[in-house]
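# Residue-level structural notes
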Amino acid sequence: MFETQVVLRLSNTYGPPFLLSLPKSIASAQGTKLLPIIPPPRTTVFPKLKSWHFHHHHCLRSVSGGGGIRATMANAPAENPITITAVLTVKISLSPINVEDILGRTFHLELASAQLDPRLEKDTIKGHARWVNQNEGNAKYESKLEVPATFGDVGAVLVVNEHPTELFIRTIVLNGSPTGPLTITCNSWVCPKSDNPQKRIFFTNKLHQSYLPSQTPNGLRKLREKELENLRGDGKGERKVFERIYDYDMYNDLGNPDNSKELARPVLGGEKHPYPRRCRTGRDPCNKDPLSEKRSLSVYVPRDEEFSDAKTLTSFGETLNAGLDALLPQIRATLTDPDLGFPSFPAIDSLFTQGMELPQVEEDQGLLEKLSLGLAKAIKHGERILRFQIPELIARDHFSWLRDEEFARQTLAGVNPYSIQLVTEWPLKSGLDPKIYGPPESAITTEIVEQVIGHSMTIDEAIKGKKLFMLDYHDVLLPYVKKVREIEGTTLYGSRTLFFLNPDGTLKSLAIELTRPPIDGKPQWKQVFLPSTDNTDSWLWKLAKSHVCAHESSYHELVNHWLRTHCCTEPYIIAANRQLSAMHPIYRLLLPHFRYTMKINSIARMVLINANGIIESSFSPHKYSMELSSVAYDKFWRFDMEGLPADLINRGMAVKDPTAEHGVKLTIKDYPFADDGLLIWTAIKNWVIDYVNHYYPDSSLVESDQELQAWWTEVRTQGHGDKKDEPWWPVLKTVENLIEILTTIIWVASCHHSAVNFGQYAYGGYFPNRPTIARTNMPTEEPSEQVLKKFIENPALALLHSFPSQIQATTMMTLYDVLSTHSIDEEYLGGKMEVSCAENPITKAAFKKFNERMKEIEAIIDVRNTDLKLKNRTGAGIVPYQLLKPFSKSGLTGMGIPNSISI
């Protein structure tokens, strides 16, 4: 069958090619374990080596790459070409494909070999795919391509869309190969060549074809580089809707100075207001502020970052992207006085029992029917009634929002479990300049604390025993008090709230301190409020608590939610698309955790965090809301503290303990967020360890991976460029460094976001529990006789006046409902296996283990939520802690961890 001698040309990624001559007796021996040889075009795997490929002597060439050694056989007989049938599955979008556009239109295809150099025109196989049929939401296109036997593996398909409109390609399947069908998962929009004549490159995700840069087959090296060049763009001009370019810019589009001086906002990003970067859109500068960018009705995101059809049709796509724009004016039309508060608590309850009757707006017909499951009810007989679902917190215990025990419990098991911290120094003292902000010493004295805890221990014993905890919004808010108070309809204090750890693991509310800095020649004012059995003091405590809740809501939304998840994640996404090839294993690992985030953030810039947007209009810091988040980023954000164990240790809520299951020991054992979160953190880390170790068996591969290093460098120096010189950035030198970085990013995008997002309606839907704004000062701050008289005569009305107005409350209830709702196409952490994992037996097994562990964790959480000894998560009237239960159905469920920041 073979000549007397077989010549093999061997090449390895890590060394030069060499020739090996084998006697016929060895080359043709049957069943030899040393060097099994079979005729081309099959691939034979040598022991302990990766794929070998045999080609005829007349086309002998080096085919190094793929991370293994490849062989080319000389003097082998020629073979007939193979006919490959390429089948493209194209999504029929919300607007059905026009048959007239299909007939005679094609996709131009080119098959690129993984081995042959694509710079040689003859080395790509060209053809046209034509429409065949369509059904079940998909259209099929086919092309028959003759591929020489010497072509080698198909490494990529290049596509040009010759239709007049963009089309979404789901998959390309190549049939006819002796090794079976090859499916390329595309899931991408391809614009018409009239918009962009560049060929779209889709790399195969065949078995073992996630490649580190150094292991890329020769035929794909230039294509790999070209695709990344396309995604980076040239940083010039305004981005077009069909483009896929990822680049950086500052947050310079939140204000609208051309419309009004009152709508001007500072640029976030740079030395004065440090901030992460967002995706560049390239719009023209404003006329009145050249540093700011003009606003528009749509905000560019790279085309593949847009919502799917399913997402668009769900409550979020329909409501936040367009519906809120239509619904909120109707609420405002119904509630004509923007400053009108609720006259009574029964009036608040009526939002859930009777609802609001909205005016009929013809163009919005059917809008309410499209809102999330919990929002719109009772649309009958032509009535348009907006009726809110009663949050479970209130359904279980209508007066839970009033109870101090619930106030304290929610710091550990509510929607913002990221602010509570251990008190480690006493006395409490401000770090602000006393010349500007007044005496730094706290008014919460040793005597006050020891009195409130019943003299059961000294303050030193409480500190040493780790018994005192605090919500500290004093120094971050105090510099904004004077500015905020100049705005009508809102007020602000610096605040500290102190808690004591009871023997049963619950927290006892001890004291609230509210501080106003010197203003207009008046000295600093501060007062400590305590729980009391005295009626007057008890109502003052309730009012002080409502101020703290407004501070808590603001910090939660602006910092722990928006900044630390949405905002800080966008640079990881931009850098990954600019520096990591689609065939890079780390890109494929991270891709599910980036889904929809850039689109969500672009919508936030349009209607939520913009000047006079929903956040500014409804939260205490008002026009300074985003500036405040910049201050928090500057003072507090550190990448190395964003992973759960590091965050807990940083806040004193845990200590390192190598003997503990997760490497840390909790300061409060019954801390539901941390207790459940550590289970999931460890599961994520174990999955990342298995995945990374497969592709990086030693740390030298991490250091030598140019794409990986470029990605991490760009995250630090451009995406988070205002902090590029900080010494705490992890250095990407070892496998362990890479595992920690990836685990942190996945945690933030999935678990951190879920913990602070999907309980927003559950805890804020009944707004007295978490008011977003305090509109009046405390009656004891320089009180007039009239103010004190009104407070004494009707303290409940004073509390209602401090709460959000009717428009503010219903706007935030609507928004919370939408933000807390899972769409029907949600993808959950550890749920759906990605194609790139499924086609590799090692990563497939690792993900299966991850999936099984997430199911086990869900069961563990269910058991914990029935354990009456865990008083922070179960008991009479208490809502079980389910925000970190991994899986959920669609709708308003208060549980479920999506892979990404998808809402």
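In case you missed it, the structure is sitting above this.
No experiment lies behind these values; they were computed from the predicted model shown. (Residues numbered from 1 in each chain as written. Predicted model: local features only at pLDDT ≥ 70, side-chain atom pairs only at ≥ 80, totals over all residues. Heavy atoms only, no water.)

### With respect to the overall build of the chain
Using the following cut-off: Runs of E in the DSSP output that reach at least two residues are strands. Runs of H or I that reach at least four are helices, and both are numbered from the N terminus. Whether two residues are in contact is decided by their heavy atoms: any pair within 4.5 Å suffices. A 1.4 Å probe and the Shrake-Rupley method give the accessible areas. Residues count as covered only by the protein chains that appear here.
Secondary structure summary: the chain contains 29 helices and 26 strands in total. Restricting the contact set of the chain to residue pairs at least 6 apart, pairs at least 24 apart contribute 72%. Roughly 36600 Å² of accessible area belongs to the chain as shown, and the carbon and sulfur atoms make up 53% of that amount.

### With respect to the pairing of strand β19 (residues 468-472)
Defined as follows: Exposed residues in this analysis have more than 50% of their type's maximum accessible area, buried residues have under 20%, and partly exposed residues fall in between, with area computed by a 1.4 Å probe over protein chains only. Pairing between two strands is assigned when DSSP locates at least 2 bridges connecting them.
The buried fraction of β19 amounts to four of the five residues, a majority that puts the element mostly inside the structure. Sheet topology note: the strand β18 (residues 421-422)/β19 ladder contains two bridges and is antiparallel. By the bridge assignment for β19, Q421 is matched with M470. The pairing of β19 with strand β20 (residues 494-501) spans five bridges and is classified as antiparallel. Bridging across to β20, D472 finds its partner in R496.

### Some points on the packing of helix α22 (residues 706-719) against helix α23 (residues 735-757)
Think of two packed helices as two axes; the pair is described by the angle between the axes and how far apart they sit. This is how the line gets drawn: Simply put, an axis is a line fit to the C-alpha atoms, just over the touching stretch for a helix, and the angle between two N-to-C directions goes from 0 to 180 degrees. Here the angle decides the label: under 35 degrees means roughly parallel, over 145 means roughly antiparallel, 65 to 115 means roughly perpendicular, and every other value means oblique. Helix crossings are classified by the rotation of the near helix relative to the far one: an anticlockwise turn of less than a right angle makes the crossing left-handed, while a clockwise turn makes it right-handed.
Axis separation between α22 and α23 bottoms out at 13 Å; the angle between their running directions is 55 degrees. When the interaxial angle is binned, α22 and α23 end up oblique. The crossing of α22 and α23 is left-handed. Two secondary-structure elements touch here, α22 through L708, W711 and W712 and α23 through L738, I741, L742 and I745.

### Notes on the nonpolar core
The condition that has to hold: We define the nonpolar core as a collection of buried residues of types Ala, Val, Leu, Ile, Met, Phe, Trp, Tyr and Cys that are connected through side-chain atoms lying within 4.5 Å of one another.
Counting residues in hydrophobic clusters, the biggest one holds 171 residues, and the most contacted among them are Y671, F673, Y696 and W711. The element that contributes the greatest number of residues to this core is helix α14 (residues 535-579), accounting for 18 residues. Apart from the residues within four sequence positions on either side, W711 is in contact with Y572, A575, A576, Q579, L580, L590, I741, L742 and I745. Counting 28 residues, the second largest nonpolar core, distinct from the first, contains A129, A139, V147 and V190.

### Considerations on the sheet that holds strand β22 (residues 525-529)
The antiparallel open sheet is built from five strands, whose spatial order is β18-β19-β20-β21-β22. With partners counted over all chains shown, the strands left at the sheet margins are β18 and β22, one partner each. In the packing of helix α8 (residues 404-413) onto the sheet, contacts are made with β19, β20 and β21 (507-516), and the angle to β21 comes to roughly 85 degrees.

### Observations concerning the pattern of salt bridges
How we decide: By salt bridge we mean one thing: a side-chain nitrogen of Lys or Arg within 4 Å of a carboxyl oxygen of Asp or Glu.
Under the definition given, this model contains 47 salt bridges. Note that D253 and R605 form a salt bridge whose closest N and O atoms lie 2.9 Å from each other. In this pair, D253 is assigned in the loop between β14 (248-249) and β15 (278-279) and R605 in helix α16 (residues 597-608), connecting sequence segments 352 residues apart. By relative accessible area, R605 is classed as buried at 2%. Between R496 and E513 there is a salt bridge; the shortest N-O distance is 2.7 Å. Here the residue R496 occupies a position in strand β20, and E513 occupies one in strand β21, the gap between them amounting to 17 residues. The network of salt bridges with common partners includes D253, R278, R283, E293 and R605.

### So, the side chain of N560
For the record, the criterion: Contacts described as polar in this section are N or O atom pairs within 3.5 Å, which, within protein, must combine one atom able to donate a hydrogen with one able to accept it, while residues neighboring in sequence count only if both atoms come from side chains.
Mapped onto the fold, N560 is located in helix α14. Judged by its relative accessible area of 1%, N560 falls in the buried class. Here the side chain of N560 touches R564 through a polar contact of 3.0 Å, side chain to side chain. In contact with N560, not counting residues within four places along its chain, are N416, Y418, S419, Y555, T565, H752 and V756.

### Looking at α16
Counting buried positions over the 12 residues of α16 gives 11, a clear majority of the element. Within α16 the residues assigned to the buried category are T597, M598, K599, I600, N601, S602, I603, A604, R605, M606 and L608.

### A look at the packing of aromatic side chains
Here is the rule we go by: Only rings of Phe, Tyr and Trp enter the pairing, Trp through its six-membered ring, and a pair is recorded when the two centres are within 6.5 Å. The plane angle decides the type: under 30 degrees is stacked, over 60 is edge-to-face, the rest tilted. Consider the ring centre and the ring normal. A charge sits over the ring if Lys NZ or Arg CZ is within 6 Å of that centre and within 35 degrees of that normal.
The final tally for this structure, using the stated rule, is 34 aromatic pairs. Over the aromatic face of W189 sits the side chain of R303, whose NZ or CZ is 4.2 Å from the ring centroid. One residue, R485, lies across the ring of Y493, its end atom 4.8 Å from the ring centre.

### Looking at the environment of S617
Structurally, the position occupied by S617 is in helix α17 (residues 614-618). In this structure the C-alpha to C-alpha distance between S617 and Q808, which are 191 residues apart in sequence, comes to 7.2 Å. Those residues in contact with S617 that lie beyond four places of it in its chain are N612 and Q808.

### Let's talk about unusual backbone geometry
Glycine aside, the phi torsion of most residues is negative, and most peptide linkages are trans. In this structure, the amide linkage connecting W426 to the following residue, P427, adopts the cis form with an omega of 0 degrees. Even without glycine at this site, H455 takes up a positive phi of about 55 degrees. For Y596, which is not glycine, the phi torsion reads 70 degrees and is therefore positive. Here Y596 shows up in the loop between α15 (585-590) and α16. Note on Y596: relative accessible area 6%, which makes it buried.

### Thoughts on the layout of surface pockets
Note the threshold: A pocket here means an open set of points on a 1 Å grid, computed over the protein atoms alone, that has protein on both sides within 12 Å along at least five of seven lines. A cavity is instead a set of points where a 1.4 Å probe fits but cannot get out; residues with an atom within 4 Å of a point line either one. Grid points are joined across faces, edges and corners, and a volume is the space filled by probe spheres set on the points. In this classification, the charged set is Asp, Glu, Lys and Arg, the nonpolar set is Ala, Val, Leu, Ile, Met, Phe, Trp, Tyr, Cys and Pro, and all remaining amino acids, among them Gly, are polar.
Put simply, the largest pocket is a space of about 1400 Å³. Every residue lining the largest pocket is counted, 47 residues in all, and those nearest its centre are T185, C186, N187, S188 and L591. Only β11 (167-175), β12 (182-190), β13 (200-203), α3 (218-232), α4 (309-313), α14, α15 and α28 (835-838) provide two or more residues apiece to the lining of the largest pocket. When residues in the lining of the largest pocket are grouped by element, the largest group, five residues, is from β12. Taken together, the residues of the lining of the largest pocket break down into 22 nonpolar, eight polar and 17 charged.

### Observations regarding the packing of helix α20 (residues 672-695) against α23
Relative to each other, α20 and α23 sit at 140 degrees, their axes nearing to 9 Å. The angle between the axes of α20 and α23 places the two elements in the oblique class. Both α20 and α23 take part in a crossing whose hand is right-handed. The segment α20 lies against α23, with F673, G677, I680, W681, I684, K685, V688, I689, V692 and N693 engaging V735, L738, I739, E740, L742, T743, T744, I746, W747, S750, C751 and A755. Among the residues making up the contact of α20 with α23, the classes are represented as 15 nonpolar, five polar and two charged.

### Brief notes about the pairing of β20
Of all eight residues in β20, eight are buried, a share of seventy percent or more. By the alternation rule, side chains of β20 split into G494, R496, L498 and F500 and S495, T497, F499 and L501, which are all buried.

### Observations concerning the state of the cysteines
Test applied: Pairs of cysteine sulfur atoms within 2.5 Å are what we label disulfides.
Applying the stated criterion to the full structure yields zero disulfides. Not part of a disulfide, C567 finds its nearest cysteine sulfur in C568, a span of 5.4 Å. Since its relative accessible area comes to 0%, C567 is described here as buried.

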